[in-house]
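Structural overview
Chain by chain, the residues run as shown.
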Amino acid sequence: MTIARDSDENTRNLCSHRQSLRSLMSTANITATQAPVTTIREIGRHEGQAVTIRGWLYNLRESGKLLFPIFRDGSGVIQGVVAKNAVSPEMFDSVKKLTQESSVIVTGKVRADKRAPGGYELDVSDVQVVQPVPESDPFPISLKEHGVDFLMEHRHLWVRTPRQASILRVRAEIIKAARDFFDDRGFILTDPPILTPAACEGTTTLFPVDYFGEQAFLTQSGQLYIEATAMALGKVYSFGPTFRAEKSKTRRHLTEFWMVEPEIAYATLDDLMKLAEEFVAFIVKRALERRRPELETIGRNLAPLEKIDTPFPRITYDEAVKMLQEGHAKGELENRFEWGGDLGSPDETYLSSKFERPLMVHRYPAAVKAFYMEPDPQRPEAALCVDMLAPEGYGEIIGGSQRIGSYELLLKRIREHGLPEDAFRWYLDLRKYGGVPHAGFGMGIERVVTWICGLEHLREAIPFARTLTRIYP
RNA sequence: UCCUCAGUAGCUCAAUGGCAGAGCAUCCGGCUGUUAACCGGAGGGUUGUAGGUUCGAGUCCUACCUGAGGAGCCA
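As a starting point, this report considers the structure included with it. (Residues numbered from 1 in each chain as written. Chains lettered and ligands numbered in written order. Predicted model: local features only at pLDDT ≥ 70, side-chain atom pairs only at ≥ 80, totals over all residues. Heavy atoms only, no water.)

All right, on to unusual backbone geometry then. A negative phi angle characterises most non-glycine residues, just as the trans form characterises most peptide bonds. Residue Pro 311 is reached from Thr 310 by a cis peptide bond, and omega for that bond is 0 degrees. Mapping Pro 311 onto the fold places it in the loop between helix H9 (303-306) and strand S12 (314-316). In this model, Tyr 472 is joined to Pro 473 through a cis peptide bond whose omega is 0 degrees. With phi around 50 degrees, Phe 212 is a residue other than glycine that occupies positive phi space. Locating Phe 212 in the fold gives a position in the loop between strand S8 (208-211) and strand S9 (214-218). Residue class for Phe 212 comes out exposed when judged on its relative accessible area of 78%. (Helix = DSSP H or I, 4+ residues; strand = E, 2+ residues; numbered from the N terminus. Buried < 20%, exposed > 50% of the residue type's maximum accessible area, 1.4 Å probe, protein only.)

As structure tokens, this is what we get:
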């Protein structure tokens, strides 16, 4: 039994309330030892029995001599019922005075009830208050709507709400699915460094770090490093955070986000596209199988997700350009797209809206893509690369390519891009000592979570989002 | 970096250039099945900041600050 000390001025006015809680708690101890401790998620197994749950008060409704405290414990939410004539007056009064998000240990009898959203209610016989939230300083996040900035300012408390907690559970499932997928297919997890030397792809998008007096940067991709481990282990992947100092102010961008990146020796672009579609289909299926209740809590329309299956549609960049130009001619797109540019956000949305499954666009012009991509031997101005666009306007979730195999060509590209040759010595070595055709892609976890959960903003898809304007909490 | 919009009570928002308001939250009271419960009452304000126009500015003008959405860039 724990009780908060009177360490805060705000809690002083609670003293009389606290006195009654203390006397309540001396009897509560006995009850707590009699009933088995369970979680709300598992509570159905104890129908008709007295159980103890440990959690927080989510909300309290009352109707005269009936109280309806709603408890949450991280596994779920359940409504308790306290009738005035069924408990002691002290007990009734204590529950009546409970404040939102006070931590509580609750004992009661589990009863099936058709009116309850979760199927069960708890006839409360005892409540121990672990720490009361002071009346003078109530929990800031009410059940009513709030603005984005306010919620982000209170993210550490916002995560307690059912919707946010559900999103985090889906995220965890997606990450586990990604790891299971690669682990089960013989991929080896190799963690690339987060601190990297010198500039790799242009310093403006990198976060500089002082490394014992030397300039270093936070990684913006583990790809170059897992190309090295792929040459050692054949099939590898990495899963970790990446950092982009881009000044992007949109709902699709974070400055710190998590990526899954597989890299495979002796793989071609076609192998990569097959892997990517199987991977994404696997993740969607897993989320539907294991996190359906959470997706429903979030309010996700599951019908579009149920349609996700292999094979995914594939179009070349050239075909995409044709579609975009036709779209412009029909008045469905504002600007006419010309061959040679990278697809913009409205272009991606338009293209993916024509399909119910994720769309793979391949063979972009080499000029708009990264320096390490292998040119198409059939058409050297195009790169052997692929972007996967999620349906429903969620945009790019995967970017990948076959990597340049030739030492000479890679060196040429590094020079063309004005990159520091010295910093890439090790990367060039991979083409000097037994280079092979190889390919890989990166998938942004938050973008996938946003799509699968049907969210408006990427910042809800990660526990603590880092954006251009926010590094608190 | 550019474009657009916003900033008023703890929160979400109203207020024709003319007395700064409502709902929620908090507190007090009522209700034996409430589902963001409901009903009655109370307290709660340097209208983002600094100037300006005006008899009078939350409202109009200028600058700045903060935030949001979008573009570019990207996953």
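Of all hydrophobic cores here, the largest spans 51 residues; its most connected members are Phe 279, Val 280, Trp 451 and Ile 452. Among the elements that take part in this core, helix H7 (residues 269-290) stands out by supplying twelve residues, more than any other. Setting aside chain neighbours within four positions, we find Ile 452 in contact with Val 170, Ile 174, Ile 283, Val 284, Ala 287, Leu 295, Arg 300 and Leu 305. (Core = buried A, V, L, I, M, F, W, Y, C linked by side-chain atoms within 4.5 Å. Contact = heavy atoms within 4.5 Å.)

Strand order in this closed barrel of five strands is S1-S2-S3-S5-S4, and the pairing throughout is mixed. Across the sheet, the mean angle separating the axes of adjacent strands is 55 degrees when strand polarity is ignored. The sheet contact formed by strand S4 (residues 103-112) and strand S5 (residues 120-131) spans ten bridges and is antiparallel. Across the sheet, the residue bridging to Lys 109 is Asp 123, located in S5. (Pairing = 2+ DSSP bridges. Axes fitted to C-alpha atoms, helices over the stretch in contact; angles between N-to-C directions.)

Just geometry here; none of it tells us what the structure is for.
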